[in-house]
Every structure is written in C-alpha cells, then in structure tokens.
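Chain by chain, the residues:
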Amino acid sequence: MKKLGFIGLGIMGKPMAINLIKAGYDLTVYDINAEAVTALAAAGARAAASIAEVAQTNPVIITMLPNSPHVKAVALGPDGIESHARAGTLLVDMSSIAPAASQEIAAALKAKKIRMLDAPVSGGEPKAVDGTLAIMVGGDEADFTEAKPLFDILGSSAVLIGPVGSGNTCKLANQVIVALNIAALSEGLMLAKKAGTDPQKVFEAIRGGLAGSTVMNAKAPMILAGNFKPGFKIDLHIKDLANALDTGYLTGAPLLLTSTAMQILQQLHAGGDGQNDHSAIARFYEKVAGETIGD
Ligand code: NAD
C-alpha cells in the first residue's frame, strides 16, 4: 500500500481523505481538531499526533487548510513540514490560498529539496464526497504527473495551469465568477418575486437556457428553500475575495463587480451569516427588499 500524509480534515479534507483510503492508500492524518482525527482513524487512517509525525513518514503529503497563514504554519512553522520532511518529499497543497503565499512557501521548501504543487479545487463538499472535484494545479510538470493518480481519485478533472501559484490564481478567478453568479441569481430571483411571479417557476423556466449554470442548479434550490447550511461558508468566500482583491491590486486587474460582492459578503458577516453557505448572498437581497425569495 502506498503511504500518504493528509493534514486538514474539515468539510473538504474529510471526504477527500476517505476517498483516498477507499482507493487503497495507507493514509496518516493530522488536524488540530482531535475529533476530526478520531473520525478518520475510525474510517481506516493512521492517526498522527503532530505534523512532524506525518512529515517524517510520508513521501507525499496533501494539505487542505483554510487560508495562507494556516498553510504557512503547517509547512514552515517550527514543527512543520520544512523541519521534518525528508528531501524529495512532495507537498500537494489543495487549500485555496493567495498565489503569492504559494510561491513564498514553495521557494522556502525548495531550499530543503521539498517539492510543492498548489492544487486548489472547485466543486464543494458534494463533489469532494463523489470524488468529482475540478482541480487546478500550479507547479512542475513532473510533479504534476507524479500526483495525477491522486487527482484522478479526488477529481474528475485536473489541469496544470503553469508554475507554482497559478493553481491559486485560477481558483481566484473561479471564486470571483461564483460569487458574482450567486449575486446575479439572487438579484434576478428577487426581481421575479417582487414583480409578482413565482421564483420556483422562473428557475424551472430559465435553468435550461443561457442563464442556466452549475451555480444556478446548486444554489437556486437552497435559496428557494431558505436552506443556507454550508457547504461553502460566507467567511471562506470573504477570504477568497480578499485574496482576489489583493492580487488585483498587485497586478492592476480591474475588479469592480468583485468589490461590490465583497461589500455584500461583509455585511452578511456583520449580520451573523458568516458561517452560512454562500447561497446566503440571497439573504442580503431579502433584507434590503424586506421579503424572502422562497415561501
Ligand atoms: P474547514 O474549516 O471545514 O476545514 C479546515 C480544517 O483545517 C479544519 O478541520 C481545521 O481544524 C484544520 N486546521 C486549521 N489549522 C490547522 C493546523 N494548523 N494544523 C492542522 N489542521 C488545521 O474548511 P473547508 O471547507 O474544508 O475548506 C478547506 C479549503 O478548501 C479552504 O481553503 C477552502 O477555501 C477550500 N474549499 C472549500 C470548499 C467548500 O465547499 N467547503 C470548496 C472548494 C474549496
């Protein structure tokens, strides 16, 4: 059985780790949340008590953590991968973080002959469970080829975009497009409601036309049911848009609509919706309009 390390067993990491166990990998797992480690041990993983324990014994390590500071701490912190992994180890960071942070971490690891791919994903929890994530990768082609069998278990597509950092640049573009799609969906459905039509019928009528999308199919039923259980949390989307706005500032990319979406998300966070699914963008429209989109 091939040995593999996995750090970060949250909404996404847990089902991804389970799919790797099912595919026959000898998985050693770690999370600061001990309950998450216990749950994975019950599913057949080896439980590690530290990052060092994962790093010392595994030639390939996957991380699935919230944001840049967490990945920096796990990779470069005093008890992290840099200090404990063997030369030649491959780190596959599948978290969504700032592209500049991926480049900084990869450069520091390279000095210890530790290789790194940034390989964020799209698709959310359902596709993590099904093993049908869309994976966008930055790094060397040889490392991508080495990691491809893992990507084939976790996802239905894996595309090498360019050098380290470009996986996360691609993910930022994805997150901009998703946030604006949910806002447009909410705005359109609220218009339909206010003008006296049934938003459920409007969804059924337009989903097969040009406005139809994966976002619409996933999020319209949640908005119509008033079900905002995450899924992908508002607070994580704020993190992604903050990274997108920083990257836009660094590169001179105009992000007019993204700035507006960020204001909507921050108002939702201030109103207590930070831990709700990002389909709760609809709640911003509901608060302003004074009525719900669903019944
Ligand atoms: P999550 O908060 O559910 O899980 C993160 C896990 O990391 C938690 O279990 C936490 O305890 C652990 N962790 C944090 N710091 C740690 C440390 N120092 N050492 C070890 N473990 C640590 O988040 P998630 O929803 O699983 O998202 C993970 C990443 O995937 C994020 O970057 C997110 O943006 C991205 N993502 C999420 C979704 C989604 O739908 N949830 C979809 C695509 C991408």
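Please refer to the structure placed before this passage.
Keep in mind the model is a prediction, meaning the values are calculated, not measured.

Points about the pattern of salt bridges
One pass over the full model with this rule turns up eleven salt bridges. The salt bridge partner of Arg115 is Asp143, with a shortest N-O separation of 2.8 Å. With a gap of 28 residues between them, Arg115 in strand β6 (residues 115-118) and Asp143 in helix α8 (residues 141-154) connect regions that are remote in the sequence. Between Lys239 and Asp240 there is a salt bridge, and its shortest N-O distance comes to 2.9 Å. A relative accessible area of 11% means that Lys239 is categorised as buried. Sharing partners across several salt bridges, the network here consists of Arg115, Asp143 and Glu146.

Concerning the environment of Asp277
Note that Asp277 resides in the loop between α13 (256-273) and α14 (281-289). Residue classification places Asp277 among the buried positions, given a relative accessible area of 1%. Measuring from C-alpha to C-alpha, the distance between Asp277 and Met222 comes to 9.2 Å, with 55 residues separating the pair along the chain. Excluding residues within four positions of it along the chain, Asp277 makes contact with Lys219, Met222, Phe228, Lys229, Pro230, Gly231, Phe232, Lys233 and Ile234. Within polar-contact distance, the side chain of Asp277 engages the side chain of Lys219 at 3.1 Å.

Points about the layout of surface pockets
Empty space within the second largest pocket amounts to approximately 220 Å³. Taken together, Ala106, Lys110, Lys113, Ile114, Arg115, Met116, Gly139, Asp140, Asp143, Pro163 and Val164 form the lining of the second largest pocket. Elements with a minimum of two residues in the lining of the second largest pocket: α6 (99-110) and β6. For the lining of the second largest pocket, the per-class residue count stands at five nonpolar, one polar and five charged.

The rules we used
Residues numbered from 1 in each chain as written. Predicted model: local features only at pLDDT ≥ 70, side-chain atom pairs only at ≥ 80, totals over all residues. Heavy atoms only, no water. Salt bridge = Lys/Arg side-chain N within 4 Å of Asp/Glu carboxyl O. Helix = DSSP H or I, 4+ residues; strand = E, 2+ residues; numbered from the N terminus. Buried < 20%, exposed > 50% of the residue type's maximum accessible area, 1.4 Å probe, protein only. Contact = heavy atoms within 4.5 Å. Polar contact = N/O pair within 3.5 Å; in protein donor to acceptor, adjacent residues only side chain to side chain. 1 Å grid on protein atoms, 1.4 Å probe; cavity = no way out; pocket = protein on both sides within 12 Å on 5 of 7 lines; lining within 4 Å. Points joined across faces, edges and corners; volume = space filled by probe spheres on them. Nonpolar A, V, L, I, M, F, W, Y, C, P; charged D, E, K, R; others polar.

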